[in-house]
Structures are given as C-alpha cells and as structure tokens.
Amino acid sequence: MSLRLRATKKIPRGEEYDVVIVGGGPAGLSAAIYAQRFLLKSLVVAKEIGGQLNLTDSVDDYPGLGRIRASDLVNKFKRHAEMFKATIYYPEEVTGWERLPDGRFRVKGKRGLDVYAKAIIMAVGSVRRKLGVPGEREFAGKGVSYCSVCDAPFYAGKDSVVVVGGGDAAFEGAILLSGYVKKVYLVHRRTEFRAKPFFVEVAKSKPNIEFVLDSVVTEIKGKDKVESVVVKNKKTGETREIKVDGIFIEIGFEPPKEWFHKLGLETDEAGYIKVDEWMRTNIEGVFAAGDCTSQWPGFRQVVTAAAMGAVAAYSTYNYLVEKGLYKPQKADVGGTIFER
Ligand SMILES: Cc1cc2nc3c(=O)[nH]c(=O)nc-3n(C[C@H](O)[C@H](O)[C@H](O)COP(=O)(O)OP(=O)(O)OC[C@H]3O[C@@H](n4cnc5c(N)ncnc54)[C@H](O)[C@@H]3O)c2cc1C
C-alpha cells in the first residue's frame, strides 16, 4: 500500500459527504479516523495538515509513543487517516456554510471547494497569542515556548526561565516549571492577577518563583537560542536584562470568535465554541472538537484534541442514525496493519 497521504488535489465540487471535517490538526484527523471506522463518507478540509504541531519540535506526552518528533506524530495521524481511506483536501480554507431547506449543509472554501454535507465537525484549533517583540519569532522553538505543560520537562535541570502572563495558564506554568528549573521569573504587566487565588497562593509559597510585576518583556535575545530577556518596568521605565534558558509566553489564545458568530455558533466569553459532553454545538448537525472548543479550558493538548475528535465522530454517527440519514460506506479496510 502507498505511504502517500490520500490528499485529493482535484477541488471537491458538488459531491455529498456524510461529514465535512474542518481542520487537519490532531482533532480533525482523529475525527476522520473514527468517522471512517463508522463507515461515514468523510472529507477533511484544512489550511494545512498538522495544525499547531507544526510549531514545535518534539512531543513527549502522547501515550504510547514516548518522545517523538512532532512532524513524525503528524505523519502518523495522516497515515492512520489514510489507512481508513479518509479523503483529505488541503490547502484550502473553509469560508463558511449555508443550511439548505433539505437540512444538508453547503460548505464553501476560498480556493473553490463547494460540497454538500449531512453534518459538520469544526476542528479549527486556536492561535496562541504572541507578545510581538523582537526575537520572539526568531527563537520560536529555540527557547520561546507557548505551552508550559507541553515543554516544561525539556527544561529539567536548567538555571532559569521567564513565564509571561497573569492568568491561570501562566501561574500553572510557573508552578510546574518551579519543579524543573532552579529559578522562575513570573513577568506580568499589572500587580493584580486574573489567575485563581489558589494558584497565586501556591506560586507565592514557592521560594524559586520571583514576581516581576508592572513589567513587560520588550526583547528576547540570544545567538542560536534564547539567552536573555529584556524586561521594562512600566511605572519606573527601568529596564533589566535577565539571563534565562527559555521564555514561556502564556497570555492566552485567540479563537476566531467573529467567524464563529457569523456562522451562528454559540461561544463562551473567550470565544471558544460551546459544546456539550458529546461535542454537540448549538446548531443541530454541527459538532466541534479540539482547541477551538470550550471543553477543558486551560488544558489544550494533542491527546485531549484527539479524544474530542473521536467523540465528535461518534456523535456524528449517532446523529445520522437517529435522523435516518446513515448509509454506511462499503468497508474495505479489511485487516490492514498500520505500521509498515
Ligand atoms: C509550540 C507548541 C508546542 C506544543 N507542544 C505540545 C506537546 O508537547 N504536547 C501536546 O499534547 N500538545 C502540545 N501543543 C498543543 C497541541 O499542539 C494542540 O493542543 C493541538 O494541536 C490542538 O489540536 P486541534 O486539532 O484542536 O487544533 P490545531 O492543531 O490548531 O489544528 C487546527 C487545524 O485547523 C485548520 N484550520 C483552521 N481554520 C481553518 C479553516 N477556516 N479552514 C480549513 N482549515 C482550517 C488548521 O490549518 C489546522 O489544520 C503544543 C502547541 C504549541 C503551539
């Protein structure tokens, strides 16, 4: 069997699918694997394959795989979806859909995608907010991280790191990192915190966490990797250069809230698509999975995204059965072994 991804280069136009999955990250590809296993005819449409995994080097917390290069993990997801014959179309950006009088969705994309779907799974992820300072882009993945939970173990035994932010993620990150690194600087632009008081108390009780308040990071410096961070006190104007091995930017996510609202999807205050425990949105026949949802806020991982994708596919299958719309595809996977 070919190792090539079954990516279709012919623009899908006019075809009908049981489900169109928007997004080719862990949530979307996991949804595709499960949808195909439920014998649904599914189409994955994605701007690119891999999502946020394309922004990191290694992953060492996906069960069963140990430490793996992120690009290899993406390939494994892709090949697995291929094994179940999911159709994947990229690069394409879904612009929206309309609901037709017969209940189906007409889904359109920027490059000409125009297909019909009985159901939709939104798995479009979310973008981590950036500081926008010199050095940030240059050292991304070389000491600049946006995910303490993901990357803290890579800093075991290091001298010091900076964590930026004042919310739960920043505090959780600082507390976690204080167990791995000798010194953690928590830089926050105010003196008040959005984080839960409990996290603040725990962080304050750690002797190796130093609070640098009323301050902002103005530059990230280094040669091949991060070596120091310049911090400016907003009140006094004083600047200080802190020697560090890394900087963790934990200042939140930016889900495409306005687009979700335009589509009629209900979101929480932060802009994540509201889902119930079965990944159902407020629109019948539209499900959502992964980092774009309100599920498990503050804990956004490959394993949680993949889990949500699987649940969304299962719910799609149940929805189609309940509506009398389930017409199983011919099962032609027959005993294929994944590792080749
Ligand atoms: C630097 C970094 C390091 C990380 N390290 C780890 C780690 O070690 N372990 C871990 O578990 N997690 C890690 N994560 C988090 C993990 O990558 C995410 O939680 C996970 O990728 C979320 O999967 P997702 O499928 O929900 O979204 P994403 O990965 O964001 O994928 C979204 C997909 O939707 C597509 N898309 C968006 N809009 C459209 C549209 N309009 N039309 C078509 N396609 C669209 C995108 O192209 C992409 O394919 C890390 C994240 C970052 C940024």
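1. Some words on the domain arrangement of the protein
Split into domains, the protein comes out as domain 1 (13-127 + 253-322) and domain 2 (144-249). Put simply, the middle of domain 1 and the middle of domain 2, counted by C-alpha atoms, are 33 Å apart.

2. A short note on the environment of Tyr89
With respect to the helices and strands, the residue Tyr89 is situated in strand E5 (residues 87-89). For Tyr89, a count of 21 C-beta atoms within 10 Å translates into the label buried. Residues Tyr89 and Val45 lie 44 residues apart in sequence; the distance between their C-alpha atoms is 4.9 Å.

3. Re the site of the ligand
Residues in contact with the ligand amount to 34 residues; listed here are only the nearest, Gly23, Gly25, Gly51, Gly125 and Gly290. When residues of the shell around the ligand are assigned to their parent elements, the largest contribution, four residues, is made by strand E2 (residues 42-49). Taken together, the residues of the shell around the ligand sort by class into 17 nonpolar, 10 polar and seven charged. Lining the shell around the ligand are residues from two domains, each supplying at least three of them: domain 1 (13-127 + 253-322) and domain 2 (144-249).

4. Comments concerning helix H2 (residues 70-83)
Between its first and last C-alpha, H2 extends 20 Å over 14 residues, near the 20 Å set by a 1.5 Å rise per residue. Among the residues making up H2, those that are buried are Ala70, Val74, Phe77, Lys78, Ala81 and Glu82. When H2 is viewed along its axis, its buried side chains cluster within an angular range of 140 degrees and face the same direction. Of the surrounding secondary structure, the elements contacted by the buried residues of H2 are helix H1 (26-37), E2, strand E3 (58-59), strand E4 (68-69) and E5. Just beyond H2, the residue with positive phi is Lys85, at close to 65 degrees.

5. Remarks on the pairing of strand E1 (residues 13-24)
Note on strand geometry: in a regular strand, side chains alternate between the two faces of the sheet. In this structure, E1 lies alongside strand E8 (residues 114-122), joined through seven bridges in parallel fashion. By the bridge assignment, Val20 is partnered in E8 with Ile120. Where E1 lies against E2, five bridges are found, and the strand directions are parallel. When the bridges of E2 are listed, Val19 appears paired with Ser42.

Rules used throughout
- Residues numbered from 1 in each chain as written.
- Predicted model: local features only at pLDDT ≥ 70, side-chain atom pairs only at ≥ 80, totals over all residues.
- Domains from an automatic or database assignment.
- Helix = DSSP H or I, 4+ residues; strand = E, 2+ residues; numbered from the N terminus.
- Buried ≥ 20, exposed ≤ 12 C-beta atoms within 10 Å, placed from the backbone.
- Near = placed C-beta within 6 Å.
- Nonpolar A, V, L, I, M, F, W, Y, C, P; charged D, E, K, R; others polar.
- Expected span 1.5 Å × (residues − 1).
- Arc of directions from axis to C-beta.
- Contact = placed C-beta atoms within 7 Å.
- Pairing = 2+ DSSP bridges.

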